[in-house]
Each structure stands twice: as structure tokens, then as C-alpha cells.
Amino acid sequence: MRPKIVSSMALLIAAFCLMSCDILGSANELFNVYNVKFSEGAPAVDGQTITYSGSLLEAPSLDKFHFKMVFHVKADNSQNNYNAGFGSEALKPVLNFRINGKGNPPVSTTVEPFSVAAGKIGDLEFPLDIPLTIMDRDVVRLILKGDPIPYFLSGTVKFDLLDGTSIKGSGKSELDLSSGEISTRPSGSVTSLLSGLL
């Protein structure tokens, strides 16, 4: 009877060791996740303008005006061995957009899902489209005048490290970008239409 008990215990210990190794391996895989680092591209921002989607034959309406620009971003995934995927069509990354001061109230905006290749530094573009109805009117006046003002984009973005469709780990990265002071000069027709509404 004794040899059977010993061999059964040996099998149990071996199974436990294998299970522990597997758990530790998975844990190590998860712990070896490096944050993706974000920095400003060159230029940090361009394409800034105000657009009007209404008819020129009708009285202008503020809800038809949008402020648009593109943030150029460098994303450093060089320390990870897997592609870093941010967001999905169902849950897009949400960022905070500020104008003319980092302490100003943010405008919440989404960007399209994106990914950065394993071991690479990627160049990304984040196009922003902000309705003027949620922007501070004093700031809109500065934009219309062409005054140079800074822009800021920040937030915490979750990512998954992906090997095909298999998730190898997850993490969160901080994004804190600024443009420096730049001028925006909307077209004369947009300026004329908008000036009477401010």
C-alpha cells in the first residue's frame, strides 16, 4: 500500500509544480508589459481651421461650426515584443483637449482605435473635430483673430499587447502633449459668418 501512496503523492506534487510553473509563466508574461510612451510629432499640430456645414443661403447657426485640427504623435512601443492595440470601434480611446492653457476646462473627445507595431516607434495622426457650441467663446474669438495660442491633448489610454488576436498582456499609458503657440486663420467667409454669433 505504501508505494501506491508515495507514487500518488509524487504525481500530485508533479502536477502542482507544472500548474505553478504555468501560472508563474503567465504572470511573468503579464508583468513584462512596458508602457507605450507618447510624445509630440513634428509638427505637433497642423490643419487647424474652423469649418461651416450650413447653407450660405440661410442664417448662420453656431451648431454648424466645427473647429478641426490634427495632432501628430510619436508612439514608442520599442520595449514590447507584441503589437500594442488601443481601443476598438465599440470603445474608442477618450482624450482631453484643452485650448490656451493647461489648466482650462477640458473638452472630451474620442480618437479612432489605433495600434503600434511590436518593437517599433510609430507615427500617428489624431484628427480632432470639436463643435464650437462646447468651446469657450473668448477662445473662439482669439482663434478668429489669428492670435497664437497653445493646444493640449492628454489622457490615460488602455492597451492590449496582441499576438494576432491573442492578448498577451495589458497596460495603461499616459498621454500628455502640447503644441506650443500657433495661429489659426479661418477663411474670410467663415470669419464673417461666425463673428455675428459671438
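Scope of this entry: the structure provided in the associated data block. (Residues numbered from 1 in each chain as written. Predicted model: local features only at pLDDT ≥ 70, side-chain atom pairs only at ≥ 80, totals over all residues. Heavy atoms only, no water.)

1. Some points on the packing of aromatic side chains
Two aromatic rings are characterised by how far apart their centres lie and by the angle between their planes.
Working step 1: Counted under the stated rule, the structure contains ten aromatic pairs.
Working step 2: Taking the centre distance of 4.4 Å and the plane angle of 35° together, the rings of Y52 and F65 count as tilted. Here the residue Y52 occupies a position in strand 1 (residues 37-52), and F65 occupies one in strand 2 (residues 65-76), the gap between them amounting to 13 residues. In terms of burial, Y52 and F65 fall into one category: buried. (Phe/Tyr/Trp six-rings, centres within 6.5 Å; stacked < 30°, edge-to-face > 60°. Helix = DSSP H or I, 4+ residues; strand = E, 2+ residues; numbered from the N terminus. Buried < 20%, exposed > 50% of the residue type's maximum accessible area, 1.4 Å probe, protein only.)

2. So, the sheet that holds strand 7 (residues 121-131)
Working step 1: Here we have three strands laid out as an open sheet, ordered 1-2-7, and antiparallel in their pairing. Strand pairing shows two members of the sheet lacking a second neighbour, strand 1 and strand 7, which therefore form its edges. Each adjacent strand pair in this sheet contributes to an overall mean axis angle of 15°, direction not counted.
Working step 2: Where strand 2 meets strand 7, eleven bridges bridge the pair, whose relative direction is antiparallel. Looking at the pairing, D76 lines up with I121 of strand 7.
Working step 3: This element, helix 3 (residues 188-195), spans strand 1 and strand 2 of the sheet and lies at about 70° to strand 1. (Pairing = 2+ DSSP bridges. Axes fitted to C-alpha atoms, helices over the stretch in contact; angles between N-to-C directions. Contact = heavy atoms within 4.5 Å.)

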